[in-house]
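# Working through the structure, step by step
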Amino acid sequence: MCLAVPGRIISITGDEPLLRTGKVSFGGIVKEVSLAYVPEANVGDYVIVHVGFAISRLDEEEAEQVFEYLRQMDELRELEENPA
Amino acid sequence: MRFIDEYRDAKAVERFARAIARVTKKPWTLMEVCGGQTHAIVKFGVDELLPKEVTLVHGPGCPVCVTPVELIDKAIEIASRPDVIFCSFGDMLRVPGTGRDLLAVKAKGGDIRVVYSPLDALKIAHENPTKQVVFFAVGFETTAPANAMAVYQAYQRGIQNFSLLVSHVLVPPAMEAILSSPGNRVQGFLAAGHVCTVMGYTEYEPIARKYRVPIVVTGFEPLDILQGVYLCIKQLEEGRAEVENQYTRSVRREGNRAAQRLIREVFRVVPRKWRGVGEIPRSGLGLKEEYAGFDAERRFGVAGYTALEASECISGLILQGVKKPHECPAFGTRCTPEHPLGATMVSSEGACAAYYRYRKRSAVSN
Ligand code: SF4
């Protein structure tokens, strides 16, 4: 039940903050989701959705961090293994 | 799918596994707190990629699994009433109470409906003004904003025939209970990424300091979990005990302020009993006095229930990381997802169910 999954906002209705909702696509499956807790989210953004509520807007730059970290780790190791 | 597939990339997974092997010098035991992480770890075999020095134990982070028996009994009592439409997330229906489960009530004609969101239950209440509609509000901090919103809207819109049977639990007090128990073997935590998405992670900073334990806020995909393990072991090897955030694409230090505001509006911190663990002070949420009119326990007079747990089930030890599912004598024989003895066999985030689904053969023969 605790599952929370990423999806992309394809449309938004309502502008009263607590009643703002949107259609969110999860790889093609579209659901109506409350956007009350992500006032900063716009159409096209990815959000994490849990029991019908978006709880965060995914940060595109931060999303690269995992891969960036891997790259830096590998570089560091090469430096250690082949000190110039 | 975007934000999922790239974090399952096999090559990147291998690179992380090698990096973990490189930094690991001593034996370490880490706990992943969240049942969603347990599920991913067992499903993708993440634990099997780790060096033998590293043991992952599974934490208490499955709200279905820690809901105490008496709450299930209360749910059964309420759901059996002819004037009630009882709404719940699907996996609560098969959790055994003292005598039976909610599914048995439904089979005997009880109006029990599986909903996706608490707002669906509110809608049912609005459409059925002559019925009492009760929502079984279980969950951790991740689910609290949704349940808070349902109550808040019911209040605002004057929907009187709606109430919540609340069994909300909080993660940090459970982590402290584990760390301060005499049998504890957990040396580092992967904290639950979606709980922290809502709450942020400042609450964990005093815990990391007090118990000298690294806490890494971690996501749910294989790469997230591997990076979480890597960061945690690196801290342990270097003698550090800090709170770090691996899941930066979703988690900010202060969390989701708008969600926290609504949680505080509707709920207050209360002591809660955890199935298999016992009562933990300040470890749950209950409705505030202003919203007590929406409390199903009061509305239906079931507040005083107590119940005993089945003796054979060792889920309490599993939820505290002391034992693994296949060490339970009933695992896979007297206890299966079709006939669960304990809640950890019911929910897909329960450790027993995850082992049964993905590890049955190897676990049973071990
Ligand atoms: S296998 Fe069944 S009886 Fe054993 S601990 Fe898990 S849920 Fe309880």
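Residues numbered from 1 in each chain as written. Chains lettered and ligands numbered in written order. Predicted model: local features only at pLDDT ≥ 70, side-chain atom pairs only at ≥ 80, totals over all residues. Heavy atoms only, no water.

### So, the interface of chain B and chain A
- Residue-level contacts link 49 residues of chain B with 37 residues of chain A.
- Counting each side, the surface lost to burial between chain B and chain A is near 3800 Å², with a carbon and sulfur contribution of 66%.
- Contact with chain A buries area across many residues of chain B, yet Phe3, Arg15 and Tyr116 of chain B alone supply 16% of it, more than any other trio.
- The tally of links between chain B and chain A comes to two salt bridges.
- Connecting chain B to chain A are 13 residue pairs in polar contact (both at pLDDT 80 or more).
- Its residues assigned to classes, the side of chain B that touches chain A shows 27 nonpolar, twelve polar and ten charged. (Contact = heavy atoms within 4.5 Å. Buried area = accessible area lost by both parts, 1.4 Å probe. Salt bridge = Lys/Arg side-chain N within 4 Å of Asp/Glu carboxyl O. Polar contact = N/O pair within 3.5 Å; in protein donor to acceptor, adjacent residues only side chain to side chain. Nonpolar A, V, L, I, M, F, W, Y, C, P; charged D, E, K, R; others polar.)

### Quick word on the pattern of salt bridges
Residue and element names in this part refer to chain B.
- Throughout the structure, instances matching the rule amount to 24 salt bridges over all chains.
- Arginine 359 is the salt-bridge partner of glutamate 48, the closest N and O atoms lying 3.4 Å from each other. One end of the pair, glutamate 48, is in the loop between α2 (35-44) and β2 (54-61); the other, arginine 359, is in helix α15 (residues 351-365), and 311 residues separate them in sequence.
- By relative accessible area, which is 58% here, glutamate 48 ends up exposed.
- Judged by relative accessible area, arginine 359 falls into the buried class, the value being 9%.
- Here the salt bridges do not stand alone but share partners, grouping Lys234, Glu238, Arg240 and Glu242 into one network. (Helix = DSSP H or I, 4+ residues; strand = E, 2+ residues; numbered from the N terminus. Buried < 20%, exposed > 50% of the residue type's maximum accessible area, 1.4 Å probe, protein only.)

### Re the packing of helix α8 (residues 171-180) of chain B against helix α10 (residues 204-211) of chain B
Residues and elements named next belong to chain B.
- Between α8 and α10, the shortest axis-to-axis distance is 11 Å and the interhelical angle comes to 5 degrees. What the angle tells us is that α8 and α10 run roughly parallel. In this structure, α8 uses Val171, Pro172, Met175, Glu176, Leu179 and Ser180 to contact α10, whose residues at the interface are Tyr204, Ile207, Lys210 and Tyr211.
- In terms of residue class, the contact of α8 with α10 is built from seven nonpolar, one polar and two charged. (Axes fitted to C-alpha atoms, helices over the stretch in contact; angles between N-to-C directions. Parallel < 35°, antiparallel > 145°, perpendicular 65-115°, else oblique.)

### Focus: the domain arrangement of chain B
Residue and element names in this part refer to chain B.
- Taken domain by domain, chain B comprises domain 1 (5-59 + 172-243), domain 2 (64-169 + 255-295) and domain 3 (315-361).
- Of note, the centres of domain 1 and domain 3, computed from C-alpha atoms alone, are 21 Å apart.
- Between domain 1 and domain 3, the residue contacts involve 17 residues of the former and 14 residues of the latter.
- Taking both sides of the interface into account, the surface hidden between domain 1 and domain 3 amounts to around 1300 Å²; carbon and sulfur atoms contribute 54%.
- For domain 1, the biggest contributors to the area lost against domain 3 are His39, Val42 and His58; these three give 41% of the whole. (Domains from an automatic or database assignment.)

### Some details on the confidence of the model for chain B
- In the predicted model, chain B carries a mean pLDDT of 93, and 98% of its residues have values of at least 70.
- This complex was scored by the predictor with a pTM of 0.93 and an ipTM of 0.91. (pLDDT = per-residue confidence, 0-100.)

### Brief notes about the sheet that holds strand β3 (residues 84-88) of chain B
All names here are of chain B.
- Strand order in this open sheet of six strands is β4-β3-β5-β6-β11-β10, and the pairing throughout is mixed. Every interior strand has two partners, whereas the edge strands, β4 (112-114) and β10 (267-274), have only one. On average, adjacent strands in this sheet sit at an angle of 25 degrees to one another, irrespective of strand direction.
- Pairing of strand β6 (residues 162-169) with strand β11 (residues 278-287), which is carried by two bridges, proceeds in the antiparallel orientation. Across the sheet, the residue bridging to histidine 168 is leucine 285, located in β11.
- Across the face of the sheet, helix α6 (residues 118-127) comes into contact with β3, β4, β5 (132-139) and β6 while running at roughly 170 degrees to β5.
- Relative to β11, α8 is tilted by about 175 degrees, and along the sheet it contacts β6, β10 and β11. (Pairing = 2+ DSSP bridges.)

### A closer look at α2 of chain B
Residue and element names in this part refer to chain B.
- Of all ten residues in α2, eight are buried, a share of seventy percent or more.
- Taken as a whole, α2 has its buried residues at Gly35, Gly36, Gln37, Thr38, His39, Ala40, Ile41 and Val42.
- At the C-terminal side of α2, glycine 45 shows a positive phi close to 65 degrees.

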